[in-house]
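An overview of the molecular structure
The chain contents come next:
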Amino acid sequence: MAGTLAEHQRRVTRCRACPRLVAWREQVARERRAAYRDEVYWGRPVPGFGDPAARVLLAGLAPAAHGANRTGRIFTGDRSGDFLFAALHRTGFANQPTSVALDDGLALEDCWITAIVRCAPPANKPTPTERDTCLPWTVAELDLLPRVRTIVCLGGFGWDGTLRLLAARGIPTPRPRPRFGHGVVADVGPYRLLGCFHPSQQNTFTGRLTPAMLDAVLVRARELADG
Ligand SMILES: O=c1cc[nH]c(=O)[nH]1
């Protein structure tokens, strides 16, 4: 999967490897297109995006059915993204606090955002087989992001997926296996993993993850990348 980051992003969007995910992402797009008449409803795999020179990588779960699966950019157009991009802006990683569409002018600095699974899964739950089938995309993506040092893992799925993807790149998981926790740091080969509760509504509406907590994680991620 050699090539440039831009080629990688294009290739990801053509993947049809997981029949259940292909069917779901396209079904949602068909059913919802009418409600978004003025937009092109994406309905395809979603590539990562951000600053190719990023030192900080954010690893999410998967596109939301009516968020990234609609807009084509990860975390864009859903409540989790609203929460995340506001924090990225407050901490200096994003040039604007909102992200609503592919062409909204958002630019990230020193940060790249990706997802462990590239297609919106039913009930937001990819199967282990779907996760593993998707991993090579992120393995290749990380190869194309040579400055990344810190990986902020959003939720347990992001944490576990990141350990798996590093293992697939030949970086063994330390023993005992580092356990996910908010604010937990684990050194895995040349990378520092930093756990963060996922900015899902389940966490943000209940106060499990507050704006201050997310800001603190992002500031810490930059400090870790600074060494
Ligand atoms: O991980 C996630 C969650 C919500 N929206 C996304 O785009 N990714």
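Calculation criteria
Residues numbered from 1 in each chain as written. Predicted model: local features only at pLDDT ≥ 70, side-chain atom pairs only at ≥ 80, totals over all residues. Heavy atoms only, no water. UniProt positions renumbered as here; feature names shortened; annotations may be inferred. Pairing = 2+ DSSP bridges. Helix = DSSP H or I, 4+ residues; strand = E, 2+ residues; numbered from the N terminus. Contact = heavy atoms within 4.5 Å. Axes fitted to C-alpha atoms, helices over the stretch in contact; angles between N-to-C directions. Buried < 20%, exposed > 50% of the residue type's maximum accessible area, 1.4 Å probe, protein only. Phe/Tyr/Trp six-rings, centres within 6.5 Å; stacked < 30°, edge-to-face > 60°. Lys NZ or Arg CZ within 6 Å of the ring centre and 35° of its normal. Near = heavy atom within 4 Å. Polar contact = N/O pair within 3.5 Å; in protein donor to acceptor, adjacent residues only side chain to side chain. Areas by Shrake-Rupley, 256 points an atom, 1.4 Å probe, with all protein chains shown as cover. Nonpolar A, V, L, I, M, F, W, Y, C, P; charged D, E, K, R; others polar. Expected span 1.5 Å × (residues − 1). Salt bridge = Lys/Arg side-chain N within 4 Å of Asp/Glu carboxyl O.

The protein chain goes by Type-5 uracil-DNA glycosylase in an unreviewed UniProt entry, where it is assigned to Patulibacter brassicae. Per UniProt, the protein chain carries the Sequence similarities (unreviewed entry) text "Belongs to the uracil-DNA glycosylase (UDG) superfamily. Type 5 (UDGb) family."

What to know about the sheet that holds strand β3 (residues 111–115)
Taken in spatial order, the 6 strands of this open sheet run β1-β3-β2-β4-β6-β5, and their pairing is mixed. A strand with exactly one partner marks an edge of an open sheet, and here the two such strands are β1 (49–50) and β5 (185–188). Both strand β4 (residues 150–154) and strand β6 (residues 191–196) contribute to a ladder of 5 bridges, which runs parallel. If you follow L154 over to β6, its bridge partner there is C196. Here helix α4 (residues 79–90) sits on the sheet in contact with β1, β2 (56–60), β3 and β4, set at roughly 165° to β3. Relative to the sheet, helix α8 (residues 211–226) contacts β2, β4, β5 and β6, its axis offset from that of β6 by approximately 175°.

Details of the pairing of β5
The alternating pattern of β5 places A186 and V188 on a buried face, while none of V185 and D187, on the opposite face, is buried. Sheet topology note: the β5/β6 ladder contains 4 bridges and is antiparallel. Residue V185 lies in a different strand from β6, and its bridge partner there is L194. Hairpin connection between β5 and β6: a loop of 2 residues separates the two successive antiparallel strands, and G189 in this loop has a positive phi of roughly 55°.

Some details on the packing of aromatic side chains
Under the definition given, this model contains 3 aromatic pairs. Between F49 and F85, the ring centres sit 6.3 Å apart and the planes meet at 55°, which makes this aromatic pair tilted. You can see F49 sitting in strand β1 and its partner F85 sitting in helix α4, a full 36 residues away along the chain. Of the two residues, F49 and F85, neither departs from the other in class, the shared state being buried. Taken together through their ring pairs, the aromatic side chains of W159, F180 and F197 make up a single cluster. Here the guanidinium or amino end of R73 rests over the ring plane of F49, the centre of that ring lying 4.8 Å away. The ring of F197 carries the charged tip of R208 above its face, separated from the ring centre by 3.9 Å.

Quick look at the site of the ligand
Around the ligand, the neighbouring residues are G60, L61, A62, P63, A64, A68, I74, F75, D78, S80 and H198. At 2.6 Å, a backbone N or O of F75 approaches an oxygen atom of the ligand. Protein contacts shield 98% of the accessible area of the ligand, which totals 240 Å² for the unbound molecule. A class-by-class count of the residues in the shell around the ligand yields 7 nonpolar, 3 polar and 1 charged.

Remarks on α8
Helix length check: α8 (16 residues) gives 23 Å between terminal C-alpha atoms against 22 Å at 1.5 Å per residue, within 8%. Of the residues making up α8, those classed as buried are L214, D215, V217, L218, A221, L224 and A225. Summarising the contacts, the buried residues of α8 are in contact with β2, α4, β4, β5 and β6. Backbone geometry just after α8 places G227 at a positive phi near 85°.

A word on the pattern of salt bridges
Two side chains with opposite charge may pair up if their charged atoms get near one another. Per the stated rule, a full pass over the model turns up 15 salt bridges. D104 is the partner of R73 in a salt bridge, and the nearest nitrogen-oxygen pair spans 2.9 Å. In this pair, R73 sits in the loop between α3 (68–71) and α4 while D104 sits in the loop between α4 and β3, placing the two residues 31 residues apart along the sequence. You can call R73 buried: its relative accessible area is 5%. Owing to a relative accessible area of 18%, D104 belongs among the buried residues under this scheme. Among the salt bridges present, the one from R118 reaches E141, with a minimum N-O distance of 2.7 Å. Pair noted here: R118 is in the loop between β3 and α5 (128–143) and E141 is in helix α5, with a separation of 23 residues, a long-range link. When sorted by exposure, R118 lands in the same class as E141, which is buried.

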